[in-house]
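# Per-entry structural report
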Amino acid sequence: MSANTERTFIMLKPDAVQRGIVGEIIRRFEAKGFKLVAMKFMMASEDLLKKHYADLAARPFFPGLIKYMQMGPVVPMVWEGLNAVKTGRVMLGETNPAESKPGTIRGDLCIQTGRNIIHGSDSVETAKREIDLWFRPEELVDYKPSQYEWVYEN
Ligand code: IDP
Ligand code: MG
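Residues numbered from 1 in each chain as written. Chains lettered and ligands numbered in written order. Predicted model: local features only at pLDDT ≥ 70, side-chain atom pairs only at ≥ 80, totals over all residues. Heavy atoms only, no water.

## With respect to the UniProt feature "active site" (unreviewed entry) in the chain
Mapped onto this numbering, the UniProt entry annotates "active site" (unreviewed entry) at His119. One can find histidine 119 in strand β4 (residues 118–120). Beyond its immediate sequence surroundings of up to four residues, histidine 119 is in contact with Phe9, Ile10, Met11, Lys13, His52, Tyr53, Leu92, Arg106 and Glu130. (UniProt positions renumbered as here; feature names shortened; annotations may be inferred. Helix = DSSP H or I, 4+ residues; strand = E, 2+ residues; numbered from the N terminus. Contact = heavy atoms within 4.5 Å.)

## Details of the side chain of serine 100
Note that serine 100 resides in the loop between α5 (84–92) and α6 (105–109). Within the local environment of serine 100, its side chain forms a polar contact with the backbone oxygen of asparagine 96, the two atoms lying 3.2 Å apart. If we ignore the near neighbours within four places in the chain, the residues touching serine 100 are Gly93, Glu94, Arg106 and Gly107. (Polar contact = N/O pair within 3.5 Å; in protein donor to acceptor, adjacent residues only side chain to side chain.)

## As for the site of ligand 1
Neighbouring ligand 1 are the residues Lys13, Tyr53, Leu56, Phe61, Leu65, Arg89, Thr95, Arg106, Thr113, Gly114 and Asn116. One nitrogen or oxygen atom from the side chain of arginine 89 is found 2.8 Å from an oxygen atom belonging to ligand 1. Between ligand 1 and arginine 106 there is a distance of 3.1 Å, counted from an oxygen atom to a side-chain nitrogen or oxygen. Protein coverage of the free-state accessible area of ligand 1, which is 520 Å², stands at 73%. When atom positions are compared with the pocket grids, ligand 1 is found to occupy the largest pocket. Residues belonging to the shell around ligand 1 are distributed by class as follows: four nonpolar, four polar and three charged. (Near = heavy atom within 4 Å. Areas by Shrake-Rupley, 256 points an atom, 1.4 Å probe, with all protein chains shown as cover. 1 Å grid on protein atoms, 1.4 Å probe; cavity = no way out; pocket = protein on both sides within 12 Å on 5 of 7 lines; lining within 4 Å. Sits in = over half its atoms within 2 Å of the grid points. Nonpolar A, V, L, I, M, F, W, Y, C, P; charged D, E, K, R; others polar.)

## Re the sheet that holds β4
Reading across the sheet, the four strands line up as β2-β3-β1-β4 and stay open at both edges, with antiparallel pairing between neighbours. Every other strand in the sheet has two partners, leaving β2 (35–39) and β4 as the edge strands with one partner each. Each neighbouring strand pair of the sheet contributes to a mean axis angle of 25°, computed without reference to strand direction. Where β2 lies against strand β3 (residues 75–80), four bridges are found, and the strand directions are antiparallel. Directly across from leucine 36, in β3, lies its bridge partner tryptophan 79. Sheet contacts for helix α2 (residues 22–32): β1 (7–12), β2, β3 and β4; angle to β3, the most-contacted strand, approximately 10°. Its contacts with the sheet place helix α7 (residues 124–134) against β1, β3 and β4, and it is angled at close to 55° to β1. (Pairing = 2+ DSSP bridges. Axes fitted to C-alpha atoms, helices over the stretch in contact; angles between N-to-C directions.)

Okay, structure coming up:
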């Protein structure tokens with residue numbers, strides 16, 4: 001894979017769906033120039049969420065987090081592009097929306113850490129693990145966006 005094909009796992013949480021801001025958030029990734037590779041709309045099982053957040057299992061907020069993530073449907077996605085993981089995190093803002101700058105997704109669209117509307121992988125390794133957890137290989141779609149030459153110089 002070339003640098004332009006780095007992939008990140010982004011998931012819109014149940015509050016993003018319920019608040020009707022799914023389109024607004026997806027718009028930002030599209031407008032940036034990232035390529036949508038996979039997307040689902042689903043209820044996440046407790047088992048899947050516990051695997052996804054396994055590294056946080058000992059934290060006091062863990063039971064509340066698992067409950068929150070099952071309150072409604074989520075939108076797991078894979079986005080591809082140059083530095084997609086790092087830039088994706090910059091676009092999200094900080095974990096706590098109150099510490100997130102204006103212009104970021106969390107800085108613009110939410111208020112509390114426990115309702116922070118979106119997940120994004122924190123490293124390339126984590127992204128690989130998360131993509132494998134949420135998607136089967138055949139669900140990742142291979143195509144060339146028509147705008148490619150207008151987004152990348154080379
Ligand atoms: P991240 O989503 O910015 O990567 P993590 O530390 O990986 O942040 O935490 C995962 C998720 O757990 C957060 O996005 C948030 O939904 C929830 N969370 C983290 N810390 C707290 C907290 O102190 N109270 C409530 N929920 C929290
Ligand atoms: Mg995290």
